[in-house]
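Architecture at a glance
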Amino acid sequence: FTMKKIALLTALLVTLCSTALAYVGNSASHKFHYEGCRAEQRIRADHRVHFDTREEAIDAGYTPCGICRP
């Protein structure tokens, strides 16, 4: 790989990682998870709350999951 290709791949990876992170909260437990966490997958549809950022979840009074540690 050339330095130009490595820089391009690095920029692409950073973009994908920063946009792929989504957070899902549980309105019953007030915990939030990374999308895909095994605990997130068990949240009932009527208890799901979506957040764009970690800070948004914390500001809403949710605490991080102990499994995925978002």
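See the structure shown above.
In this report, the structure presented in the accompanying data block is examined. (Residues numbered from 1 in each chain as written. Predicted model: local features only at pLDDT ≥ 70, side-chain atom pairs only at ≥ 80, totals over all residues. Heavy atoms only, no water.)

Quick look at unusual backbone geometry
- Backbone geometry places His 30, a non-glycine residue, at a positive phi of 60°.
- Mapped onto the elements of the fold, His 30 is located in the loop between strand 1 (23-26) and strand 2 (31-34).
- Its identity as a non-glycine residue notwithstanding, Arg 69 has a phi of 50°, on the positive side.
- Residue placement: Arg 69 occurs in the segment after strand 4 (63-64).
- Judged by its relative accessible area of 63%, Arg 69 is exposed. (Helix = DSSP H or I, 4+ residues; strand = E, 2+ residues; numbered from the N terminus. Buried < 20%, exposed > 50% of the residue type's maximum accessible area, 1.4 Å probe, protein only.)

Description of the packing of aromatic side chains
- Counted according to the given criterion, the structure contains three aromatic pairs.
- With a centroid separation of 6.0 Å and 70° between ring planes, the pair formed by Tyr 23 and Phe 32 is classed as edge-to-face. Across this residue pair, the class does not change: Tyr 23 and Phe 32 are buried.
- Between Phe 51 and Tyr 62, the aromatic rings sit 5.1 Å apart at their centres with planes inclined by 65°, giving edge-to-face as the arrangement. Linking Phe 51 in strand 3 (residues 48-51) with Tyr 62 in the loop between helix 2 (54-59) and strand 4, this pair joins segments that are eleven residues apart in sequence.
- A relative accessible area of 7% places Phe 51 in the buried class. (Phe/Tyr/Trp six-rings, centres within 6.5 Å; stacked < 30°, edge-to-face > 60°.)

Regarding the environment of Asp 46
- You can see Asp 46 is positioned in the loop between strand 2 and strand 3.
- Since its relative accessible area comes to 53%, Asp 46 is described here as exposed.
- Through-space distance from the C-alpha of Asp 46 to that of Asn 26 is 9.1 Å; in sequence the pair is 20 residues apart.
- A polar contact is formed between the side chain of Asp 46 and the side chain of Arg 44, at a distance of 2.7 Å. (Polar contact = N/O pair within 3.5 Å; in protein donor to acceptor, adjacent residues only side chain to side chain.)

Some thoughts on the pattern of salt bridges
- Overall, the coordinates contain two salt bridges when judged by the stated rule.
- The residue Glu 40 makes a salt bridge to Arg 48 at a minimum N-O spacing of 2.2 Å.
- Residue classification places Glu 40 among the buried positions, given a relative accessible area of 5%.
- For Arg 48, a relative accessible area of 27% puts it in the partly exposed group. (Salt bridge = Lys/Arg side-chain N within 4 Å of Asp/Glu carboxyl O.)

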